[in-house]
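Okay, here's what each chain looks like letter by letter:
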Amino acid sequence: VVAGGYHYGQPPLIVGLEPVFGVETGGDTVIVTGYGLDQAIAVHFGVPVGSALTLVDTQTVRVTTPPGRGVVDVVLDGAAGETDRVTMGFTYLPRLGLEQVRPPMGQAGRTVNLKGGGFTVGMKVFFGGVPATGLVVVDATTARLTVPPGAGPVDVVVSNAVSTATLANGFRYN
């Protein structure tokens, strides 16, 4: 190779991303696998560029996600100007919060409302470790569901692919 000359290498090809979900605030580590990754100079999540790009080996790079929202393309830039794209390859999810269950007591089968933040379709809710049923996300701060069987005071937990929120003793069976 001549100093300053052109390097003929394999253009980058993304084969996998792990994980494919992260929080909207960014800061998650994503492992990108594929071919020609030793020539990677940047990984974009939508438009923003990830940080702390680290070459693990010729088939693996590690990158930290920037802040973002929604479902975005992941684009890897190679040193010679080549790119590879995974369309809709990464999903940003809000960090969950859980403030209250209304009403905070009752029996199995009762419909209750949750108040909090970051609620999205696909989240899961548990009462004392038992999954709730009939979950309807009304908006980002309100969800309605049916209380599963249980006894005594129990923790109520909401979770999605990237975060979990717990309301200790959030519901009491009577």
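Please read these numbers as outputs of a predicted model, since none were measured by experiment.

### Notes on the pattern of salt bridges
Under the criterion given, the structure shown has 2 salt bridges. Arg-69 is the partner of Glu-24 in a salt bridge, and the nearest nitrogen-oxygen pair spans 3.8 Å. One end of the pair, Glu-24, is in the loop between β2 (21-23) and β3 (29-35); the other, Arg-69, is in the loop between β6 (60-64) and β7 (70-78), with 45 residues separating them in the sequence.

### Focus on a nonpolar patch on the surface
Taken together, the side chains of Leu-13, Val-15 and Tyr-35 make up a nonpolar region of the molecular surface, amounting to roughly 270 Å² of accessible area. Looking at the secondary structure, you find Leu-13 in strand β1 (residues 13-18). With a relative accessible area of 38%, Leu-13 lands in the partly exposed category.

### A closer look at the sheet that holds strand β8 (residues 83-93)
Strand order in this open sheet of 4 strands is β2-β8-β7-β4, and the pairing throughout is mixed. Each edge of the sheet is formed by a strand with only one pairing partner; in this case those strands are β2 and β4 (40-45). For this sheet, the mean inter-axis angle between neighbouring strands, taken without regard to orientation, is 35°.

### A closer look at the environment of Ser-159
Mapped onto the elements, Ser-159 comes out in strand β16 (residues 153-159). We classify Ser-159 as buried; its relative accessible area is 16%. Ser-159 sits 36 residues away from Met-123 along the chain, and the two C-alpha atoms are 5.6 Å apart. In this view, Ser-159 contacts Leu-96, Met-123, Lys-124, Phe-126 and Thr-164; residues no more than four positions away in its chain are not counted.

### Comments concerning the nonpolar core
With 20 residues, the main nonpolar core has Leu-114, Val-125, Phe-127 and Phe-171 as its most contacted residues. Taken together, the elements giving at least two residues each to this core come down to β9 (97-102), β11 (111-117), β12 (124-127), β15 (142-146), β16 and β17 (164-173). In contact with Val-125, other than residues within four places in its own chain, are Leu-114, Val-130, Pro-131, Ala-132, Leu-135, Leu-145, Val-156, Val-157 and Val-158. Among the nonpolar cores identified, the runner-up in size contains 15 residues, and Leu-17, Val-30, Leu-37 and Leu-76 belong to it.

### Quick word on unusual backbone geometry
Peptide bonds are trans in most cases, and residues, glycine excluded, mostly fall at negative phi. Here the residue pair Glu-18 and Pro-19 is connected by a cis peptide bond, since its omega of -5° sits within 30 degrees of zero. For Pro-19, the location among the structural elements is in the loop between β1 and β2. Located in the positive-phi region is Met-88, a residue other than glycine, with phi close to 55°. Its identity is not glycine, yet Asn-169 carries a phi of approximately 50°, on the positive side. With a relative accessible area of 54%, Asn-169 lands in the exposed category.

How each quantity is defined
Residues numbered from 1 in each chain as written. Predicted model: local features only at pLDDT ≥ 70, side-chain atom pairs only at ≥ 80, totals over all residues. Heavy atoms only, no water. Salt bridge = Lys/Arg side-chain N within 4 Å of Asp/Glu carboxyl O. Helix = DSSP H or I, 4+ residues; strand = E, 2+ residues; numbered from the N terminus. Patch = residues over 30% accessible without salt bridge, like charges linked within 9 Å, V, L, I, M, F, W, Y side chains within 5 Å. Areas by Shrake-Rupley, 256 points an atom, 1.4 Å probe, with all protein chains shown as cover. Buried < 20%, exposed > 50% of the residue type's maximum accessible area, 1.4 Å probe, protein only. Pairing = 2+ DSSP bridges. Axes fitted to C-alpha atoms, helices over the stretch in contact; angles between N-to-C directions. Contact = heavy atoms within 4.5 Å. Core = buried A, V, L, I, M, F, W, Y, C linked by side-chain atoms within 4.5 Å.

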